[in-house]
Amino acid sequence: MAVRARNTKITLMRLLPHYLPIEAQRRLLAEIRALLERAPLYSPAMPRSGSPYSVRMSNCGPLGWLSDRSGYRYSPTHPVTGEPWPAIPAMVLDLWRAATGAAYEPQACLVNYYGPAANLGLPRDKDGAAKDAPILSISLGDTALFRIGGPQRNSPTRSAKLASGDVVVLSGPARHWYHGVDRILPGTSRLLPEGGRFNLTLRRVTPP
Ligand code: SIN
């Protein structure tokens, strides 16, 4: 699936199905488990209401994406342990270079874990500093029903199934489009013995 800017050849969203073969998925899962030992998953709170997300989160890289009552922001440290985030695994940086073609490195890698009943509303990247940088999303485990809208909360949306090993690249203005996960389709992958889905979302935060 590719979404192009109207009347141009600019590709805004590229879905690369089966990008990671099963062996690479297993290696990536081992990397994620190792980094979660140092930066455990925690339950973030939504801006204003403080209600917990159903998705649990962690990060790796120099900056981590956080959400709490006061809003969204990037932070160099884990909000629960106070420790710096672990480094982004080398294989993830290789994936970033290969899939995005970017000559610079991402600074934030959000690690989301979706249990069978988790979903994610349509958040939006509002940070303007690195506005031309792509976003890379890597899916592992159960298939997710991913929804992508547009620049406005009420822009029309379309959905795509993201299976284990699938990769999505959002480029240009699509970086700021509303997107989320409607639901997980339990039992669609055997990669995670506990079920559910990991998603890594890589972003450049400051201009390269
Ligand atoms: C996100 O954009 O933060 C996550 C999207 C996903 O889980 O596919």
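A quick note: this is a predicted structure, and the numbers were derived from the prediction, not measured.

Caption draft 1: Main features of the nonpolar core. In this structure, Cys60, Cys109, Val111, Leu136, Leu170 and Leu200 are the most contacted members of the largest nonpolar core, which totals 44 residues. Tallying contributions element by element places strand 6 (residues 108-114) first for this core, with six residues. Not counting residues up to four positions away in its chain, the partners in contact with cysteine 60 are Leu35, Ala39, Trp85, Pro86, Ala87, Ile88, Cys109 and Val111.

Caption draft 2: Layout of helix 1 (residues 22-38). A rise of 1.5 Å per residue sets the reference length of helix 1, with its 17 residues, at 24 Å; its end C-alpha atoms lie 25 Å apart and thus fit the reference within 8%. Every buried residue of helix 1 is listed here: Gln25, Leu28, Ile32 and Leu35. The buried side chains of helix 1 occupy one side of the element, clustering within an arc of 90° when seen end-on. Across helix 1 from its buried face, at more than 90 degrees, point the exposed residues Ile22, Glu23, Ala30, Arg33, Ala34 and Glu37.

Caption draft 3: Spotlight on the site of the ligand. In the vicinity of the ligand, the contacting residues are Leu110, Asn112, Leu120, Ser137, Ala144, Phe146, Leu162, His179, Val181, Asn199 and Thr201. Those elements giving two or more residues to the shell around the ligand turn out to be strand 6, strand 8 (143-148), strand 11 (179-185) and strand 12 (197-203). Classifying every residue of the shell around the ligand by side-chain character gives six nonpolar, five polar and no charged.

Caption draft 4: Seen up close, the sheet that holds strand 11. Pairing within the open sheet is antiparallel, and its three strands lie in the order 9-8-11. Strands at the two margins of the open sheet, each flanked by one partner only, are strand 9 (158-162) and strand 11. Going from strand to strand, the sheet's axes swing by 25° on average, the running direction of each strand aside. Pairing of strand 8 with strand 9 involves five bridges; the strand directions are antiparallel. Residue pairing across strands places leucine 145 opposite lysine 161, the latter belonging to strand 9.

Caption draft 5: Main features of the pairing of strand 6. Burial within strand 6 is extensive, with seven of its seven residues counted as buried. Pairing of strand 3 (residues 56-60) with strand 6 involves five bridges; the strand directions are antiparallel. Across the sheet, residue methionine 57 finds its bridge partner in strand 6, namely asparagine 112. Summarising the sheet, strand 6 and strand 12 pair through seven bridges and their orientation is antiparallel. Within strand 12, the position partnered with valine 111 by the bridge is leucine 200.

Caption draft 6: Structural view of helix 2 (residues 90-100). Buried within helix 2 are the following residues: Val92, Leu95, Trp96 and Thr100. Along the axis of helix 2, the buried residues cluster in a sector spanning 105°; they form a single face. Residues of helix 2 that are exposed and angled more than 90 degrees away from the buried face: Ala90, Asp94 and Ala98. In this structure, the buried residues of helix 2 make contact with strand 6, strand 7 (135-141), strand 10 (167-170) and strand 12. Positioned one or two residues after helix 2, glycine 101 has a phi angle of 75°, which is positive.

Caption draft 7: Structural view of the environment of alanine 108. With respect to the helices and strands, the residue alanine 108 is situated in strand 6. In this structure the C-alpha to C-alpha distance between alanine 108 and proline 79, which are 29 residues apart in sequence, comes to 15 Å.

Conventions we followed
- Residues numbered from 1 in each chain as written.
- Predicted model: local features only at pLDDT ≥ 70, side-chain atom pairs only at ≥ 80, totals over all residues.
- Core = buried A, V, L, I, M, F, W, Y, C linked by C-beta atoms within 7 Å.
- Buried ≥ 20, exposed ≤ 12 C-beta atoms within 10 Å, placed from the backbone.
- Helix = DSSP H or I, 4+ residues; strand = E, 2+ residues; numbered from the N terminus.
- Contact = placed C-beta atoms within 7 Å.
- Expected span 1.5 Å × (residues − 1).
- Arc of directions from axis to C-beta.
- Near = placed C-beta within 6 Å.
- Nonpolar A, V, L, I, M, F, W, Y, C, P; charged D, E, K, R; others polar.
- Pairing = 2+ DSSP bridges.
- Axes fitted to C-alpha atoms, helices over the stretch in contact; angles between N-to-C directions.

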